[in-house]
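Reading the structure
Here is how the chains run, residue by residue.
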Amino acid sequence: MDRLKFDMHLNAKDIWFFSMYHSNRGFMLIFNLFFTISMYAYTIYSWSDLGFAKKIMMLILANMFLIIQPCLLYLKSLRQAKSDSIKNGLSMELNDKGIVICANGESAEFLWENGFRTRILPGLIVVYVDAIRAYLLPDRYTRNLKEEVIKVLKGKTRIISF
């Protein structure tokens, strides 16, 4: 395998997209949709019987997962994108041994044999190197090498769907 190296500077949109995906997948997505639809239905059905304070509360609850959560996640992503570790960027290299991450003058190597997991999302590849750490690889950095990157990751990692 040839060495594939990507120098990246993540932005707030990349982090926000990952955060939105991560907080709205699986059962949480089903719950969020059910809660939002139920709150809208109940609010519309009982609008004339509700007092002003309850109308405001119902509107806030109905929009919690549709508007409020994405806005809060975006604000959090903006703060993260302004941190030095994100602003300075990082380098990700895929080679025969594994993945090498270089950032802020430090380097970490994660061997393929440690069993990574990968999620391939529209516009983003997420490589989980352990239970709590993941590295994001936006499509704008892979460009014409995306198919090769996916081929390597499918051969070396476990691809997770949903």
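Basis of the calculations
- Residues numbered from 1 in each chain as written.
- Predicted model: local features only at pLDDT ≥ 70, side-chain atom pairs only at ≥ 80, totals over all residues.
- Heavy atoms only, no water.
- Helix = DSSP H or I, 4+ residues; strand = E, 2+ residues; numbered from the N terminus.
- Rg over C-alpha atoms; globule rule 2.2 N^0.38 Å.
- Contact = heavy atoms within 4.5 Å.
- Areas by Shrake-Rupley, 256 points an atom, 1.4 Å probe, with all protein chains shown as cover.
- Pairing = 2+ DSSP bridges.
- Axes fitted to C-alpha atoms, helices over the stretch in contact; angles between N-to-C directions.
- Core = buried A, V, L, I, M, F, W, Y, C linked by side-chain atoms within 4.5 Å.
- Buried < 20%, exposed > 50% of the residue type's maximum accessible area, 1.4 Å probe, protein only.
- Parallel < 35°, antiparallel > 145°, perpendicular 65-115°, else oblique.
- Left-handed = near helix turned anticlockwise from the far one by under 90°.
- Nonpolar A, V, L, I, M, F, W, Y, C, P; charged D, E, K, R; others polar.

**Observations concerning the overall build of the protein**
The helix and strand inventory of the protein stands at 7 helices and 8 strands. For 162 residues, the compact-globule formula gives about 15 Å, and the C-alpha radius of gyration of the protein, at 20 Å, lies well above that figure. Partitioning the intrachain contacts of the protein with sequence separation of at least 6 by distance along the chain shows that 59% fall at a separation of at least 24. By element, 62% of the accessible surface of the protein is carried by carbon and sulfur atoms, the whole surface being about 10200 Å².

**Considerations on the sheet that holds strand β5 (residues 117–121)**
Strands sit in the order β7-β6-β5-β8 across an open sheet of 4 strands; the sheet is mixed. Each of the sheet's edge strands pairs with one partner strand only, and the pair in question is β7 (134–138) and β8 (158–159). Summarising the sheet, strand β6 (residues 124–128) and β7 pair through 5 bridges and their orientation is antiparallel. The residue bridging Y128 from the neighbouring strand is A134, located in β7. Against the sheet, helix α1 (residues 12–23) engages β5, β6 and β7, with an angle of about 70° to β6. Across the sheet, helix α7 (residues 146–156) touches β5, β6, β7 and β8, and the angle it forms with β6 is around 25°.

**Looking at the nonpolar core**
Core analysis: the biggest nonpolar cluster contains 20 residues, and M92, I99 and V149 have the highest contact counts within it. Elements supplying a minimum of two residues to this core: β1 (4–8), β2 (90–94), β3 (98–103), β6, β7 and α7. No other element matches the 4 residues that α7 contributes to this core. Not counting residues within four places of it along the chain, the set of residues in contact with V149 comprises L4, F6, L94, I125, L137 and T142. Counting 8 residues, the second largest nonpolar core, distinct from the first, contains L10, Y21, V126 and Y128.

**Looking at the packing of helix α2 (residues 27–46) against helix α3 (residues 52–62)**
One way to put it is that α2 packs onto α3 with a least axis distance of 8 Å and a crossing angle of 155°. Considering the angle they form, α2 stands roughly antiparallel to α3. Relative to α3, the crossing made by α2 is left-handed. Residues F35, T36, M39, Y40, Y42 and T43 of α2 touch α3, and the partners they reach there are M58, L59, L61 and A62. Looking at side-chain class alone, the contact of α2 with α3 contains 8 nonpolar, 2 polar and no charged residues.

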